[in-house]
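Each chain, written out:
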Amino acid sequence: MAWTTPYTWTDDDIWDPDLMNVQIRDNLNETMPAKAALPNQFFRVNDSGNVVGRVAVYSDISQADFTTASVYGDLENRRGPSVRLEVGTSALVEITARIRSTGSHAGAVSCRVTGSTQIGFSDTRALIQAGTSSHSASHAMVYDGLNPGMHRFELKYRTFSVGNAVNFFYRRIAVRAL
Amino acid sequence: MAWTAPMTAVANAFFTSADYNTNVRDNLLETMPAIASTPTAHFVGTGPNKLIQRTSAEASVDTVETTTNTSWTNLSTNGPLVDIVTGSVALVCVTARTRLTTAGAVYASVEVTNSSSISASEDWAASTVGVSSNGGGRISNTMVFGKSEPALTPGTNRFRVRYRVTSGTGEFAQRSILVIAF
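Here the structure is a predicted model, which means the values were calculated and not measured.

**Q** Describe the environment of Ala34 of chain A, and please don't skip the residues or the numbers.
**A** Residues and elements named next belong to chain A. Locating Ala34 in the fold gives a position in helix 2 (residues 32-35). On the basis of relative accessible area, Ala34 is assigned to the partly exposed category, the value being 42%. A C-alpha to C-alpha distance of 28 Å links Ala34 and Val93, two positions 59 residues apart in sequence. Dropping the residues within four chain positions of it, Ala34 is found in contact with Leu28 and Asn29.

**Q** Outline the sheet that holds strand 5 (residues 81-86) of chain B, supporting the account with residue identities and numerical values.
**A** All names here are of chain B. Read from one edge to the other, the open sheet built from four strands follows the order 5-10-7-8, with strand pairing classed as antiparallel. Of all the strands in the sheet, just strand 5 and strand 8 (125-129) have a single pairing partner and so form its edges. Taking the axes of each pair of neighbouring strands and ignoring which way they run, one obtains an average angle of 25° across the sheet. The sheet contact formed by strand 7 (residues 105-114) and strand 10 (residues 155-165) spans nine bridges and is antiparallel. If you follow Ala108 over to strand 10, its bridge partner there is Tyr163.

**Q** Please give an account of the side chain of Ser122 of chain A that cites residues and values.
**A** Positionally, Ser122 of chain A belongs in the loop between strand 7 (106-115) and strand 8 (126-130). Once residues within four sequence positions are removed from consideration, Ser122 of chain A is found in contact with Tyr72 and Ser110 of chain A.

**Q** Can you break down the interface of chain B and chain A residue by residue, with the values?
**A** Across the boundary between the two partners, chain B contributes 38 residues, which contact 46 residues of chain A. Approximately 3200 Å² of surface area, both sides summed, lies buried where chain B meets chain A, with 60% of it carried by carbon and sulfur atoms. Considering only the surface of chain B that becomes buried against chain A, Tyr20, Pro33 and Arg138 of chain B emerge as the three largest contributors, covering 20% of it. The tally of links between chain B and chain A comes to zero salt bridges. For the pair chain B and chain A, the interface holds eleven residue pairs in polar contact (both at pLDDT 80 or more). Ranked by the residues each element gives to the side of chain B that touches chain A, the list is headed by helix 1 (residues 17-28) of chain B, at six residues.

**Q** I'd like a description of the pattern of salt bridges, backed by residues and values.
**A** Any two side chains of opposite charge can pair if their charged atoms end up close together. Per the stated rule, a full pass over the model turns up 16 salt bridges over all chains. A salt bridge links Asp26 of chain B to Arg25 of chain B; the nearest nitrogen and oxygen atoms lie 2.7 Å apart. In this structure, Asp26 of chain B and Arg25 of chain B share a single accessibility class: buried. Of the charged contacts in the structure, one is a salt bridge between Glu65 of chain B and Arg175 of chain B, with a shortest N-O distance of 3.3 Å. Taken together, the positions of Glu65 of chain B in strand 4 (residues 65-67) and Arg175 of chain B in strand 11 (residues 170-181) put the pair 110 residues apart, joining distant regions of the chain. The class of Glu65 of chain B is buried, set by a relative accessible area of 9%. Under the relative-accessibility criterion, Arg175 of chain B is labelled buried at 0%. Through salt bridges that share partners, Asp74, Arg79, Arg112, Glu154 and Lys156 of chain A make up one connected network.

The rules behind each value
Residues numbered from 1 in each chain as written. Chains lettered and ligands numbered in written order. Predicted model: local features only at pLDDT ≥ 70, side-chain atom pairs only at ≥ 80, totals over all residues. Heavy atoms only, no water. Helix = DSSP H or I, 4+ residues; strand = E, 2+ residues; numbered from the N terminus. Buried < 20%, exposed > 50% of the residue type's maximum accessible area, 1.4 Å probe, protein only. Contact = heavy atoms within 4.5 Å. Pairing = 2+ DSSP bridges. Axes fitted to C-alpha atoms, helices over the stretch in contact; angles between N-to-C directions. Buried area = accessible area lost by both parts, 1.4 Å probe. Salt bridge = Lys/Arg side-chain N within 4 Å of Asp/Glu carboxyl O. Polar contact = N/O pair within 3.5 Å; in protein donor to acceptor, adjacent residues only side chain to side chain.

Dropping the structure here:
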């Protein structure tokens, strides 16, 4: 089934089942009510004449945790948060956290992507805060060039001063499939 | 062509080609698959029974650059900026890695030009206050023009990041702007 540009009917046309099925049944099956399957779904263009339902998901962990590692990894007591969803070629990823350093050094939260596409951690795709006062902030960006399919988006953490701890609270990841 | 409330079939009534074209052809042409043309675009209602396709755009500049300007200014590399067709509403997210080596504040905000004329403002800026070392912090501010911020004039709008400090030298790196048009 696929979308077909609607036919312009003239008075002498003979209306047969094949025409009916292509023009009405198959075209209606390409519209939003036919494709709507999940609550809170929204729709985006997949290709010319084709729309697809997408979702937004989030996960959060409120408990305080810390790291002293200067390379991206899990916090001392618990990994994540993470979400798993199907996306097209891009996704909007928002990272939120409250960060408090034990000194003047910074801490960072980045997102690793696995599944149909592999994207590692990077300071250029991270929420970064420095200082001993707690800072709550978010960082949002679009991940482009993904291979359509199932992906896991997981948060990892690091300190900018090896051996010196950074504390993380109220960590959240929100992903909107595009 | 426009959407017409679908007719109700009545027993023994004639169903003409004109009825078909208005109620089936023209109405199908107002649905999403008929309008869909740009991959990853989304749909927005523009009024009763009317949809339009809208897109998102993102741009970034990674270069570390500085300013001492206390008025809104460009850095050595203009932007980042995007040109995008919008209605009266757009969601905009500004991100920057900022650092100050003296007391004060740094701001990265958005100005909108072309169809609209909206100057940068602290009211919609990503900002940090105080001295920061070890590369500073990377933060975002998300704003909605046409809701919490001034409304846009529909058309092609340019969204450009602008910068200022309250004192000292502000350092900006890894700057990006994301615009989702509605």
